[in-house]
There are 2 protein chains.
Amino acid sequence: MAILYFDEAEVGRLRTAGPYQVSKDEIIEFAKKFDPQPFHVDEEAAARSVFAGLTASSAHTFAILISLLSKTQPFSLRVMAGLGFDELRLPAPVRPGDELGLEVAILEKRETKSHSDRGVVRNQIHLRNQKREIVLQCIGTVLVARRPVASS
Amino acid sequence: MAILYFDEAEVGRLRTAGPYQVSKDEIIEFAKKFDPQPFHVDEEAAARSVFAGLTASSAHTFAILISLLSKTQPFSLRVMAGLGFDELRLPAPVRPGDELGLEVAILEKRETKSHSDRGVVRNQIHLRNQKREIVLQCIGTVLVARRPVASS
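Residues numbered from 1 in each chain as written. Chains lettered and ligands numbered in written order. Predicted model: local features only at pLDDT ≥ 70, side-chain atom pairs only at ≥ 80, totals over all residues. Heavy atoms only, no water.

Let us look at the interface of chain A and chain B. Think of interface size as the accessible area that goes away when the parts come together; that is how it is often given. If you look at the interface, chain A gives 23 residues, while chain B gives 23 residues. In total, chain A and chain B occlude about 2,100 Å² of area from one another, counting both sides; carbon and sulfur atoms represent 61% of this. In this assembly, chain A and chain B are joined by four salt bridges. Its salt-bridge partner being Arg89 of chain A, residue Asp86 of chain B comes within 3.0 Å of it at the nearest N-O pair. Across the contact surface, chain A and chain B share 10 residue pairs in polar contact (both at pLDDT 80 or more). Secondary structure elements with two or more residues in the side of chain A that touches chain B: helix H1 (24–34), helix H4 (58–69) and strand E4 (79–89) of chain A. (Contact = heavy atoms within 4.5 Å. Buried area = accessible area lost by both parts, 1.4 Å probe. Salt bridge = Lys/Arg side-chain N within 4 Å of Asp/Glu carboxyl O. Polar contact = N/O pair within 3.5 Å; in protein donor to acceptor, adjacent residues only side chain to side chain. Helix = DSSP H or I, 4+ residues; strand = E, 2+ residues; numbered from the N terminus.)

What follows is the structure in structure tokens.
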């Protein structure tokens, strides 16, 4: 797999990862630790909730996104650090048995004034289920290494 | 602990939760599952990274924020659903031994046109370490239940 420097990252280029299989056990185990609300940990209570069934914690969905982000094809970026996330939305819930796929498109790139060895890349990120519904979308901003200048 | 309806949520009111003790084992365990980069899972590799030591995955830091969000004092809100997060930034890393505390302030509230039983609340959220450095900040937007109207 190609790991691209900032200089090689073309605006508009798409990369993908997945599928990530979400099991009931994983949903319950994650939620018990970080988000133990009835509709995340108890099937019977979840059946009576607005979602009419068990759903993953938003923190779990975000963790799955992060896990796929480092496995994109046909390329990934030489990320030095994550700067942040904007406009993060969770339009549909993640349920047991879902197969999630990640789509990342480079929205924008810009050089940094302070450091010549790196640049800033903004990525539009969509995580979708097997029905192509978006379960999480956001804009992720990262620092990406520039290609080292060969010394003469 | 008071659980407030939308009608009782006053703009500017602050609520807090924590501390959450972050252990080295928890950082490594979480990262092995969701973000197995050397500086999250391997102490020796982490010592040579830009952070000069093991740091938590951003997904882990976000999960800790979510876990504290439902435990705020002196009140919490009757949240019906999370709508999203904006301007999420990670200004400082989380390290083994850190004690994290959450501060949440109500930024804005507005009624919804489509449903009379709920309103939208925007919260300014800061997660800080024991040195009061911000490790994660964002604006979280939630649907909050309105006080039921007594039938006459």
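Picking up where we left off.
Moving on, we come to helix H4 (residues 58–69) of chain B. Residues and elements named next belong to chain B. For H4, with 12 residues, the first-to-last C-alpha span of 16 Å sits near the 16 Å given by 1.5 Å per residue. Of all 12 residues making up H4, 10 are buried, and the element is well covered by its neighbours. Residues of H4 that are buried include every one of Ala59, His60, Thr61, Phe62, Ala63, Ile64, Leu65, Ile66, Ser67 and Leu68, and no others. At the N-terminal boundary of H4, the capping side chain belongs to Ser57, with an oxygen 3.1 Å from the backbone nitrogen of Ala59. (Expected span 1.5 Å × (residues − 1). Buried < 20%, exposed > 50% of the residue type's maximum accessible area, 1.4 Å probe, protein only.)

Further remarks concern the relation of the copies chain A and chain B. Turning chain A through 180 degrees and shifting it by 0.0 Å along the axis lays it on chain B, with an RMSD of 0.0 Å. The transformation just described matches what one would write down for a two-fold rotation axis. Across chain A, the rotation axis passes nearest the C-alpha of Asp86 of chain A, at a separation of 2.4 Å. (Least-squares fit on C-alpha atoms with pLDDT ≥ 70 in both.)

This next bit is on the sheet that holds strand E6 (residues 118–128) of chain B. Reading across the sheet, the 10 strands line up as E2(A)-E5(A)-E6(A)-E7(A)-E4(A)-E4(B)-E7(B)-E6(B)-E5(B)-E2(B) and stay open at both edges, with antiparallel pairing between neighbours. Either end of the sheet is taken by a strand with one partner, and the two such strands are strand E2 (14–21) of chain A together with strand E2 (14–21) of chain B. Sheet twist, expressed as the average angle between the axes of neighbouring strands with direction ignored, equals 25 degrees. Contacting E2, E4, strand E5 (99–111), strand E6 (118–128) and strand E7 (134–145) of chain A, H4 of chain A crosses the sheet at an angle of about 65 degrees to E5 of chain A. (Pairing = 2+ DSSP bridges. Axes fitted to C-alpha atoms, helices over the stretch in contact; angles between N-to-C directions.)

A volume near 1,000 Å³ is recorded for the largest pocket. For the lining of the largest pocket, the secondary-structure elements that each account for two or more residues are H4, strand E3 (75–77), E4, E6 and E7 of chain A together with helix H2 (38–41) and H4 of chain B. A per-element tally of the lining of the largest pocket places E4 of chain A first, with seven residues. Looking at the lining of the largest pocket, its residues break down into 23 nonpolar, 15 polar and three charged. In this structure, the second largest pocket occupies an estimated 780 Å³ of space. Lining the second largest pocket are 33 residues, and of these Gln37 and Ser58 of chain A together with Val79, Ala81 and Gly82 of chain B lie nearest its centre. At the level of elements, helix H2 (38–41) and H4 of chain A together with H4, strand E3 (75–77), strand E4 (79–89), E6 and strand E7 (134–145) of chain B are the ones that each hand at least two residues to the lining of the second largest pocket. Grouping the constituent residues of the lining of the second largest pocket by class yields 19 nonpolar, 12 polar and two charged. (1 Å grid on protein atoms, 1.4 Å probe; cavity = no way out; pocket = protein on both sides within 12 Å on 5 of 7 lines; lining within 4 Å. Points joined across faces, edges and corners; volume = space filled by probe spheres on them. Nonpolar A, V, L, I, M, F, W, Y, C, P; charged D, E, K, R; others polar.)

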